[in-house]
Amino acid sequence: CALTCANGGGSDTTPAVSISPLPLTVDLGNDINRCIDEDGTVVLDAGTFPNNPSYLWDNTTTRQTRDVNQSGTYSVRVTDEFTCTGTDTVKVIIRKNPRIDLGADTSVCNGVQLALDAGTDGISYFWNTGASTRVITVNSPGNYIGNVINAEGCAKSDTIKVDMAGELPVIQ
């Protein structure tokens, strides 16, 4: 890119001057390999630049940032008002976190055996009780934390607080 200043003509004998600013250095960062939730996104940021930059992503969007939710290779071109340009490309690998939902905190009667299920998304399960099964049965109050690792190597956890009070009704 270049900016040229010419003389005004007539008696002005100032020679034309050409200024060549440095090209824009666009940096989308290192390639990305990340676990995200099902409805999550990864934000790509082309950065801020002086001189009225315009942004053009490979999908024709024109903002400084772009949200992506699929694996792929993404590129952006930044051009300023002097037509200086810079480009960068980043490879994004998105892996989905497993789903785990132990439900809302709950209160049950003393003596109840409550099954907690960490869901079917995992290949490995770990509980703060030391158990390593998908489903555990609890019969005492406390906070229970389930951890799930899926086949993509992504991990997610959930916690449920179980209170126990009162007695089971006796049916006669």
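Before reading further, recall that the structure is shown in the block above.
From a predicted model like this one, the values you see are computed outputs, not experimental measurements.

Reading the values: the criteria
Residues numbered from 1 in each chain as written. Predicted model: local features only at pLDDT ≥ 70, side-chain atom pairs only at ≥ 80, totals over all residues. Heavy atoms only, no water. Helix = DSSP H or I, 4+ residues; strand = E, 2+ residues; numbered from the N terminus. Buried < 20%, exposed > 50% of the residue type's maximum accessible area, 1.4 Å probe, protein only. Contact = heavy atoms within 4.5 Å. Disulfide = S-S within 2.5 Å. Pairing = 2+ DSSP bridges. Polar contact = N/O pair within 3.5 Å; in protein donor to acceptor, adjacent residues only side chain to side chain. Axes fitted to C-alpha atoms, helices over the stretch in contact; angles between N-to-C directions. Salt bridge = Lys/Arg side-chain N within 4 Å of Asp/Glu carboxyl O.

1. Focus on the overall build of the protein chain
Along the backbone of the protein chain there are zero helices and 14 strands. The N-to-C order of helical and strand elements in the protein chain reads β-β-β-β-β-β-β-β-β-β-β-β-β-β. Looking at the 172 residues of the protein chain, the share that counts as buried comes to 27%. Sequence separation of at least 24 residues holds for 50% of the intrachain contacts in the protein chain that already meet a minimum separation of 6.

2. Remarks on the state of the cysteines
According to the stated counting rule, one finds one disulfide in the structure shown. A sulfur-sulfur separation of 2.0 Å characterises the disulfide bridge that pairs Cys-35 with Cys-154. Between Cys-35 and Cys-154 the disulfide shows an S-S torsion of about -80 degrees. By sign, it is left-handed. Linking Cys-35 in strand 3 (residues 32-36) with Cys-154 in the loop between strand 13 (142-149) and strand 14 (155-167), this pair joins segments that are 119 residues apart in sequence. Look at Cys-35 and you get partly exposed, because its relative accessible area is 23%. Among the residues examined, Cys-154 registers a relative accessible area of 0% and is labelled buried.

3. Remarks on the pairing of strand 13
In this structure, strand 11 (residues 124-127) lies alongside strand 13, joined through four bridges in antiparallel fashion. Each residue of the ladder has a partner; that of Trp-127, found in strand 13, is Gly-146. Of the pairings in the sheet, the one linking strand 13 to strand 14 comprises eight bridges and is antiparallel in character. In the strand pairing of strand 14, Ile-149 is matched with Ala-155.

4. A short note on the side chain of Asp-80
On the secondary structure map, Asp-80 appears in the loop between strand 7 (72-79) and strand 8 (85-96). Among the polar contacts made by the side chain of Asp-80, one reaches the main-chain amide nitrogen of Phe-82 at a distance of 2.9 Å. Filtering out sequence-adjacent residues up to four positions away, Asp-80 remains in contact with Leu-24, Pro-50, Asn-51, Asn-52 and Pro-53.

5. Details of the sheet that holds strand 8
Taking strand neighbours across the sheet as the criterion, the four strands line up as 3-8-7-5 in an open arrangement whose pairing is mixed. Across the chains shown, the open sheet's two edge strands, defined by having one partner strand only, are strand 3 and strand 5 (54-57). In this sheet, neighbouring strand axes are inclined to one another by 30 degrees on average, regardless of whether the strands run parallel or antiparallel. Sheet analysis places strand 5 next to strand 7, joined by four bridges and oriented antiparallel. Bridging from a neighbouring strand, Tyr-55 pairs with Val-78 of strand 7.

6. Focus on the environment of Asp-163
By the secondary structure assignment, Asp-163 is in strand 14. When the C-alpha atoms of Asp-163 and Asn-110 are compared, they prove to be 8.8 Å apart, with 53 residues separating the residues in sequence. Those residues in contact with Asp-163, other than ones at most four positions away along the chain, are Thr-106, Ser-107, Val-108 and Pro-141.

7. Observations regarding the sheet that holds strand 9 (residues 106-110)
If you trace the four strands from one edge of the open sheet to the other, you get 9-14-13-11, paired in mixed fashion. Lying at the two open borders of the sheet, with one neighbouring strand each, are strand 9 and strand 11. Averaged over all pairs of adjacent strands, the angle between strand axes in this sheet comes to 30 degrees, irrespective of strand direction.

8. Considerations on the pattern of salt bridges
All chains considered together, the criterion is met by four salt bridges. A salt bridge links Lys-156 to Asp-37; the shortest N-O distance between them is 2.7 Å. You can see Lys-156 sitting in strand 14 and its partner Asp-37 sitting in the loop between strand 3 and strand 4 (42-45), a full 119 residues away along the chain. Look at Lys-156 and you get partly exposed, because its relative accessible area is 27%. The class for Asp-37 is partly exposed, based on a relative accessible area of 31%.

Note that all results are geometric; they support no functional claim without further evidence.
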